[in-house]
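As a plain string of letters, each chain reads:
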Amino acid sequence: QVQLVESGGGLVQVGGSLTLSCAASGLTFSSYAMGWFRQAPGKERECVAAFNWSGASTYYTDSVKGRFTISRDNAKNTLYLQMNSLKPEDTAVYYCAAVYGRLAVPKREYEYKYWGQGTQVTVSS
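J.: Would you mind going over the packing of aromatic side chains in detail, with residue names and values included?
T.: All chains considered together, the criterion is met by five aromatic pairs. Measuring from ring centre to ring centre gives 5.5 Å for tyrosine 32 and tyrosine 100, while their planes differ by 80 degrees; the resulting arrangement is edge-to-face. With a gap of 68 residues between them, tyrosine 32 in strand E4 (residues 32-39) and tyrosine 100 in strand E9 (residues 92-100) connect regions that are remote in the sequence. Classification of tyrosine 32 as buried rests on a relative accessible area of 11%. Given the relative accessible area of 56%, tyrosine 100 is considered exposed. Both rings, one in phenylalanine 37 and one in tyrosine 112, keep their centres 5.2 Å apart while their planes meet at 85 degrees; by these two values the pair is edge-to-face. In this pair, phenylalanine 37 sits in strand E4 while tyrosine 112 sits in the loop between E9 and strand E10 (114-115), placing the two residues 75 residues apart along the sequence. A relative accessible area of 1% places phenylalanine 37 in the buried class.

Here it is, written out as structure tokens:
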């Protein structure tokens, strides 16, 4: 059974940092494209950052470029999102997602097959 479990969310002050983790099981981690999405109240779920299947190509949405870093540890079957210089606009539920082998970086919600349950990130001033 494929399972993705996020952790690391919480409350942080503006300008602070937070690292999210996504532990994957039931899949060959290195063969999957992986991504981080977020959804704030009243807004569409958007792709924050993602890898293609090999991890050679990455994508970041404009609003987080230079502040967030996506990484993966294949030995630990874990995906990470390092978030720095956090802003109130970053407040959302963050989800990790996976889909088998994609050469192009998947950026759309419908492209992903497996999802975690989400972890809440709240940035306060």
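Right, picking up where we left off after that structure.
J.: With reference to specific residues and values, describe the state of the cysteines.
T.: Inspection of the entire model under this criterion finds one disulfide. No disulfide involves cysteine 47; its sulfur sits 12 Å from the nearest other cysteine sulfur, which is in cysteine 96.

J.: Tell me about the nonpolar core, and please be specific about residues and values.
T.: Of all hydrophobic cores here, the largest spans 29 residues; its most connected members are Leu79, Leu81, Met83 and Tyr94. For this core, the secondary-structure elements that each account for two or more residues are strand E3 (18-25), E4, strand E5 (46-51), strand E7 (68-73), strand E8 (78-83), E9 and strand E11 (119-124). In contact with methionine 83, other than residues within four places in its own chain, are Gly16, Ser17, Leu18, Leu20, Arg67, Phe68, Tyr94 and Val121. Core analysis: the next-biggest nonpolar cluster, separate from the first, contains eight residues, Phe37, Cys47, Ala50 and Val105 among them.

Conventions and cut-offs
Residues numbered from 1 in each chain as written. Predicted model: local features only at pLDDT ≥ 70, side-chain atom pairs only at ≥ 80, totals over all residues. Heavy atoms only, no water. Phe/Tyr/Trp six-rings, centres within 6.5 Å; stacked < 30°, edge-to-face > 60°. Helix = DSSP H or I, 4+ residues; strand = E, 2+ residues; numbered from the N terminus. Buried < 20%, exposed > 50% of the residue type's maximum accessible area, 1.4 Å probe, protein only. Disulfide = S-S within 2.5 Å. Core = buried A, V, L, I, M, F, W, Y, C linked by side-chain atoms within 4.5 Å. Contact = heavy atoms within 4.5 Å.

Just geometry here; none of it tells us what the structure is for.
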